[in-house]
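Structural description and commentary
Residue strings, one per chain:
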Amino acid sequence: MKFHFLTIFPDMIQSYLDEAMLKRAAEKKLVAFDVKNIRDYTLDKHKKVDERPYGGGPGMVMTPEPILRAHAKLKMKGKKTKVVMLSPQGKLFNNVMAAKWAKSYSDIVFICGRYEGVDDRVRKILKAEEVSIGDFVLTGGELPALVMTDAICRQIKGVLGDHASVEESRIASPRVFTRPEVLEFPKSTKTVKGKKHKVPPVLVSGDHKKIEEWRKSQQKEEKI
Ligand code: SAM
């Protein structure tokens, strides 16, 4: 799967993609990333990407042409592509969408807005779906695009190595522990002995059926 990012802050995106799981997934050719600077598709010497809102109103709006030119360069013909317009008013993204998109598309294009948003003709012309990562307003679409990319990549076989880690039906792993007791640690002026912070007794019972039941009781389920 190839992820395309149309943004005016390419370094913001690239720095996350150049680390950890996503970097390794790209090295293993399980995924590919393509970060385009919208400013490279402007025609004026100031590389202007925004204008005052037509009809008045506060702030600035991203103009459609540079984004449409950047999108045209992606050569999406014949590909199974999903175009995502990041927006706080969009459909709320979740793990079900992540799993579905991972299976359904070869390419995902993220249009990362800034300022007051993106000229709505972009959404219409590119038949983009508005998607939100939560009921709050951020300063730009780059973080949401990365959040979604991370969640989608986790659903792609081989990215996590042990595919069993992927929550096909569970949203979050059960509460996890590393050792029977926490080692002692300093807490303000005194040292706290780890004895009080033991793991739940069921985990040291050796009863695997009970442990599995306990783990299930800790999971938040969502059918994918
Ligand atoms: N009034 C604008 C709107 O409703 O789109 C707010 C624009 S916001 C300040 C700038 C950009 O950040 C948006 O165009 C969008 O790309 C991104 N953004 C902000 N909050 C978001 C959210 N919760 N989910 C996804 N993208 C968001």
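Residues numbered from 1 in each chain as written. Predicted model: local features only at pLDDT ≥ 70, side-chain atom pairs only at ≥ 80, totals over all residues. Heavy atoms only, no water.

**Description of the overall build of the protein**
- A tally of regular secondary structure across the protein gives 7 helices and 9 strands.
- A compact globule built from 224 residues should have a C-alpha radius of gyration of about 17 Å, whereas the protein, at 22 Å, is more than 25% larger.
- Dimensions of the protein, computed from the C-alpha atoms along their principal axes, are close to 70 × 50 × 30 Å.
- Long-range pairs, those at least 24 residues apart, make up 74% of the contacts in the protein between residues at least 6 apart in sequence.
- Accessible surface computed for the protein: about 13,700 Å², of which carbon and sulfur atoms make up 56%. (Helix = DSSP H or I, 4+ residues; strand = E, 2+ residues; numbered from the N terminus. Rg over C-alpha atoms; globule rule 2.2 N^0.38 Å. Contact = heavy atoms within 4.5 Å. Areas by Shrake-Rupley, 256 points an atom, 1.4 Å probe, with all protein chains shown as cover.)

**Some points on the sheet that holds strand S2 (residues 32-37)**
- Taken in spatial order, the 5 strands line up as S2-S1-S6-S5-S7 in an open sheet, and their pairing is parallel. Looking at strand neighbours, the two that pair on one side only are S2 and strand S7 (129-132), the edges of this open sheet. Mean inter-strand twist for the sheet, computed between neighbouring axes without regard to direction, equals 30°.
- As judged from the 5 bridges shared by strand S5 (residues 81-92) and strand S6 (residues 107-111), these two strands associate in the parallel manner. (Pairing = 2+ DSSP bridges. Axes fitted to C-alpha atoms, helices over the stretch in contact; angles between N-to-C directions.)

**Quick notes on the domain arrangement of the protein**
- Taken as a whole, the protein is organised into domain 1 (2-165) and domain 2 (171-223).
- Each of domain 1 and domain 2 was reduced to a C-alpha centroid, and the two centroids are 38 Å apart. (Domains from an automatic or database assignment.)

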